[in-house]
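# A closer look at the structure
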Amino acid sequence: MDVETKSLLEIRGIKKSFDQNHVLKGIDFDVKAGEVHVLLGENGAGKSTLIKILTGAYQKDAGEIYWEGRMVDLNTPVDAMNIGIATIYQELNLIPQLKVYENIFLGRELKRSGKRSLLDHNAMHEEAKRCLKMLGQNPNIADMQVSRLGIGQQQLVEVAKALALDAKLIIMDEPTSSLSAQEVDQLYKCVESLKAKGIAIVFISHRLEEIRRLGDRITILRDGFKIDTLQVRTTETDYWIELMVGRSLDEKFPKQNFTLGKEGFRVEGLEVEGTQEPVEFSVRYGEIIGISGLVGAGRTELARAIFGADSSKNGKIFIDGKEVKIKSPRDAINSGIAFITEDRKGEGLLLDQKLDFNIVMANMKKFTGKSRLIDLNAIREESENYINELKVRPNNLELNARNLSGGNQQKIVIAKWLCTQAKVFIFDEPTRGIDVGAKVEVYRLMNRLVENGAIVIMISSELPEILGMCDRVLVMSEGKFTANFKIEDASQEKIMKAATGG
Amino acid sequence: MSEIVVQKENGTVKKNLTIKNILSKFAPLIGLVLLVVVLTVLSDRFLTVNNVMNIARQSSINSLLAIGMLLPILTAGIDLSVGSVLAISVMLMGVTTVNMGSNPFIGILVCLGVGSGFGWFNGILLTKLRLPHPFISTLGTMNIARGIALIITAAAPIAGFPYMIQFMGREFVGPIPVSFILVIAVYVIFHIFLTRTQTGRYIYAIGGNPEAARLSGINVDRVLIIVYTISGLMAGLAGLVMVGRVNSAFPLAGLSYELDAIAAVIIGGASFLGGVGTVWGTLIGALIIAVLRNGLNLLNVSADFQMTIIGAVIIAAVYVDVLRQRKNKKK
Ligand SMILES: Nc1ncnc2c1ncn2[C@@H]1O[C@H](COP(=O)(O)OP(=O)(O)OP(=O)(O)O)[C@@H](O)[C@H]1O
Ligand SMILES: [Mg+2]
């Protein structure tokens with residue numbers, strides 16, 4: 001470490017454990033003003049835990065934190081905010097009932113004059129608009145209730161919140177994992193302009209392209225140890241992966257081609273809420289269908305309509321040529337449809353229940369014997385299989401879902417739906433927040449599903465994974481399909497063009 | 001608590017059974033034991049077979065109401081109507097058996113049926129009428145049921161129940177009150193129901209995350225209706241025990257009993273936010289309240305002062321829980 005450029009933040013020997021689980025085993029690293037410092041590591045490596053210590057959300061067990069050369073104690077999130085550290089957590093932390101600008105100023109509302117005076121709504125409003133503009137967002141959403149925004153937009157509100165803090169260091173824990181390509185571009189631009197202003201950024205991401213594009217230095221964590229800090233420009237991506245997983249990874253997209261069979265799944269005349277035009281598509285055995293589009297294009301709404309999660313009108317759904325009536329998620333599951341939802345915390349998990357219960361809850365009848373009692377041993381065995389298959393870490397069924405890292409939580413949601421032994425799998429952003437190694441596992445799993453005669457539909461905003469894993473891609477824009485490409489004919493440009501309605 | 005219980009069934013050993021963990025998991029039980037020790041020291045009449053059986057008998061009505069109450073609370077709801085439902089159940093049982101002279105078995109069925117019926121009504125209000133929170137629907141039912149109970153006999157009590165009906169609240173097997181045996185049986189059944197049946201597990205799922213539960217194919221409305229029906233059924237059963245104890249039914253029976261039931265559930269470690277809570281915790285919660293009441297009586301503490309102390313215990317118990325959770329998060 002060079003002594004010349006003084007570090008804005010430096011940490012030494014940080015240790016942290018939860019009960020017997022030693023998560024951080026002595027981490028050193030430093031961040032300089034105006035740099036983007038990336039943290040890379042597998043799911044559960046301890047990245048989020050480390051930044052929670054930096055933001056005062058967790059207390060460290062050992063180690064020191066220096067801010068502008070002085071040792072500091074960060075006991076609460078307010079301490080961190082006061083010295084100029086803002087954080088965008090992996091899981092959204094907005095209050096859905098409040099308006100966007102109220103969220104942006106939550107906890108540090110602007111007042112008209114003194115401390116005890118009335119709130120200055122106008123000033124907050126203007127400032128919120130300015131921050132939203134910096135992110136290339138429509139400033140008028142400042143007035144909207146957060147619950148009416150999609151996940152992507154909510155994430156940008158989180159970024160705007162950090163901007164409004166005038167922080168010297170902004171920590172971003174997987175900020176782009178739920179954004180569409182367009183929003184991601186805006187975020188990149190925003191990161192670059194923050195950097196130009198001398199603001200330091202700690203950036204956590206599992207997307208290697210974006211690390212290459214944005215990062216100055218990269219620190220790699222594995223099993224709670226810091227492996228190395230490297231210059232992004234002078235090192236190979238494959239080398240990072242090797243340091244991160246402890247071995248080299250052969251292929252990022254293990255696409256397998258199967259012979260195309262007959263049509264297995266068909267949707268006809270389905271009217272998704274908020275659109276007029278009915279939607280139609282079909283999937284054949286042996287292929288993986290990708291559904292691409294911008295965030296807000298209606299892909300999740302389409303999936304929810306198929307699954308009976310929202311009321312939809314007039315649609316007909318056929319499995320193996322036979323019409324199935326779906327009025328509720330229960331009907332869908334009974335007809336053999338699984339829907340791996342995108343919002344794991346809100347729609348997927350029981351955070352305060354154990355992993356095994358989370359995994360089996362959509363298919364309890366499988367474990368209910370003639371006695372009407374559930375077979376706890378069978379549940380444990382089956383859950384263990386999934387946990388090993390998906391490499392969930394730590395592989396302890398007694399943990400509550402809340403105590404898993406984000407990527408591992410995602411794996412539990414996937415396991416839950418595998419456990420339903422469905423025939424049709426609709427994955428909504430299945431690899432969001434999971435590390436490169438685990439992504440490959442998920443892709444392999446899709447291959448296996450197709451091989452065993454399941455229908456796989458993947459909604460994804462990540463074009464590389466659509467192009468790498470699908471046989472056909474449907475592009476959605478404003479609630480309707482604007483293109484249907486064979487994968488040989490598709491390209492990032494063509495998909496983007498169709499996605500923007502062009 | 002719950003973890004330990006589940007583990008026993010699984011036959012596996014908890015890996016991190018540190019002293020601290022045990023302390024925090026068994027906090028309610030430890031509280032109960034401490035309470036017993038203190039009262040034994042303070043009063044030589046406390047730890048006698050007679051008095052212990054007395055406590056067992058006194059605790060049974062609240063124990064039955066509390067185990068019913070646990071279910072709505074697990075789903076992040078509440079049932080304020082149990083006290084009033086108890087009253088209407090026993091009044092109608094009185095009308096059928098005493099006034100109309102029907103068979104006592106029919107009386108018992110009426111009592112349990114009326115309780116379940118009002119509980120079912122609570123469930124329908126919540127799920128079909130979509131009233132925003134069970135606090136509201138059960139507050140309504142609470143008043144409706146109490147009102148009807150008063151109207152039936154123009155507020156007059158009904159006495160002179162047949163032995164069959166009084167059996168549960170009055171009889172003993174050796175020194176042990178039948179009502180307490182009933183409580184233990186009911187708790188065992190509830191434990192099996194909550195940990196080993198689909199519907200039982202769904203109750204936890206709905207309390208933890210209703211949207212995730214719905215998207216997992218769980219029929220949330222059906223489970224909620226079952227939950228409130230059972231809560232009502234327990235109110236009826238508690239009423240049956242009460243009639244045996246006092247040999248009469250009166251319209252103001254069970255007045256504000258819902259509060260002790262809620263207190264027992266909360267002291268027993270259940271979370272108001274839903275999804276967390278156990279049968280045995282609830283039993284301990286109910287016993288703590290009963291032991292406290294009994295002990296304070298032995299020590300000649302006035303009823304007003306007892307109320308104050310029980311209030312303080314509720315706050316202290318929940319605070320211990322808060323501390324425990326904070327410790328889990330930070331540490
Ligand atoms: N509150 C907690 N209680 C117990 N264990 C925890 C808690 N929070 C995190 N852990 C454990 O700490 C480890 C590191 O988790 P962390 O969230 O820091 O991982 P991460 O590197 O951010 O992973 P991801 O890429 O999946 O987000 C995991 O094994 C996790 O199970
Ligand atoms: Mg993380």
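Residues numbered from 1 in each chain as written. Chains lettered and ligands numbered in written order. Predicted model: local features only at pLDDT ≥ 70, side-chain atom pairs only at ≥ 80, totals over all residues. Heavy atoms only, no water.

## Observations concerning the overall build of chain B
Definition in use: A helix here means a DSSP run of H or I that spans at least four residues, while a strand means a run of E at least two residues long, and both kinds are numbered starting from the N terminus. Note on areas: Shrake-Rupley, 1.4 Å probe, and residue coverage restricted to the protein chains presented here. Counted as positive: Lys and Arg. Counted as negative: Asp and Glu. His and the chain ends are not counted at all. To locate a charge, take NZ of a lysine, CZ of an arginine, CG of an aspartate or CD of a glutamate.
Of regular secondary structure, chain B possesses 15 helices and 4 strands. The dimensions of chain B, computed from C-alpha atoms along their principal axes, are 65 × 55 × 35 Å. With the model as given, the accessible surface of chain B reaches about 14000 Å², and the carbon-plus-sulfur share is 71%. Across chain B, the centroid of the 23 positively charged side chains sits 8 Å from that of the 11 negatively charged ones.

## Here's the deal with the UniProt feature "transmembrane region" (unreviewed entry) in chain B
Residues and elements named next belong to chain B. What counts, and what does not: UniProt positions are given in the numbering used here, feature names are shortened, and annotations may be inferred rather than shown by experiment.
When the UniProt feature table is mapped to this numbering, "transmembrane region" (unreviewed entry) covers residues 26-43, 64-93, 105-126, 147-166, 172-194, 223-243, 272-293 and 305-323. Here residues 64-93 is 77% helix and 0% strand, with 18 Å between the C-alpha atoms at its ends. Helix makes up 74% of residues 172-194 and strand makes up 17%, while its end C-alpha atoms are separated by 29 Å.

## Regarding helix H14 (residues 406-418) of chain A
To be explicit about the condition: By this rule the span expected of a helix is its residue count minus one, scaled by 1.5 Å. Three labels apply to residues, based on accessible area from a 1.4 Å probe with only protein chains included: buried if under 20% of the type maximum, exposed if over 50%, partly exposed otherwise in between.
Over its 13 residues, H14 of chain A extends 19 Å from the first C-alpha to the last, a length consistent with the 18 Å expected when each residue adds 1.5 Å. Buried residues dominate H14 of chain A, accounting for 13 of its 13 residues.

## Observations regarding the pairing of strand S11 (residues 263-270) of chain A
Residue and element names in this part refer to chain A. Here is the rule: Think of it this way: DSSP has to see at least two bridges between two strands before they count as a pair.
With 5 bridges connecting them, S11 and strand S12 (residues 279-284) associate as antiparallel partners. Bridge pairing in S12 links Glu263 to Arg284. Here 4 bridges tie S11 to strand S14 (residues 316-319), and the two strands are oriented antiparallel to one another. Within S14, the residue paired with Arg266 across the bridge is Phe318.

## Some remarks on helix H10 (residues 198-208) of chain B
Note the threshold: Residue contacts follow a heavy-atom distance rule, with two residues in contact if any of their heavy atoms lie within 4.5 Å.
H10 of chain B sits mainly inside the fold: 9 of its 11 residues count as buried. Among the residues making up H10 of chain B, those that are buried are Thr199, Gly200, Arg201, Tyr202, Ile203, Tyr204, Ala205, Ile206 and Gly207 of chain B. Tucked inside the fold, the buried residues of H10 of chain B contact helix H12 (355-360) of chain A together with helix H4 (49-74), helix H9 (178-196), helix H11 (210-215) and helix H12 (220-246) of chain B.

## Looking at the interface of chain A and chain B
Applicable threshold: Buried area: the accessible surface (1.4 Å probe) lost by two parts on joining, summed over both. The rule for a salt bridge is simple: a side-chain nitrogen of Lys or Arg has to be within 4 Å of a carboxyl oxygen of Asp or Glu. Pairs of N or O atoms are called polar contacts if they sit within 3.5 Å, as long as, within protein, a hydrogen donor faces a hydrogen acceptor (for residues adjacent in sequence, only side-chain-to-side-chain pairs).
Listed as interface residues are 41 residues of chain A and, on the opposing side, 33 residues of chain B. Roughly 3100 Å² is buried in total at the junction of chain A and chain B, and carbon and sulfur atoms are behind 49% of that figure. Seen at the junction of chain A and chain B, the total is 1 salt bridge. Applying the counting rule to chain A against chain B returns 9 residue pairs in polar contact (both at pLDDT 80 or more). Every element with two or more residues in the side of chain A that touches chain B is listed here: strand S1 (9-18), helix H9 (299-307), helix H10 (329-334), helix H11 (344-348), helix H13 (376-389) and H14 of chain A.

## Focus: the sheet that holds S12 of chain A
All names here are of chain A. Short version of the rule: Every axis corresponds to a line fitted to the C-alpha atoms, with the helix fit spanning only the stretch in contact, and the corresponding angles, defined between N-to-C directions, vary from 0 to 180 degrees.
Spatial strand order, S12-S11-S14-S15: 4 strands in an open sheet with antiparallel pairing. Two strands close off the open sheet at either side, each with one partner strand: S12 and strand S15 (322-324). Direction aside, neighbouring strands of the sheet carry axes that sit 20 degrees apart on average. Along the sheet, H9 contacts S11, S12 and S14; its crossing angle with S11, the most-contacted strand, is approximately 105 degrees.

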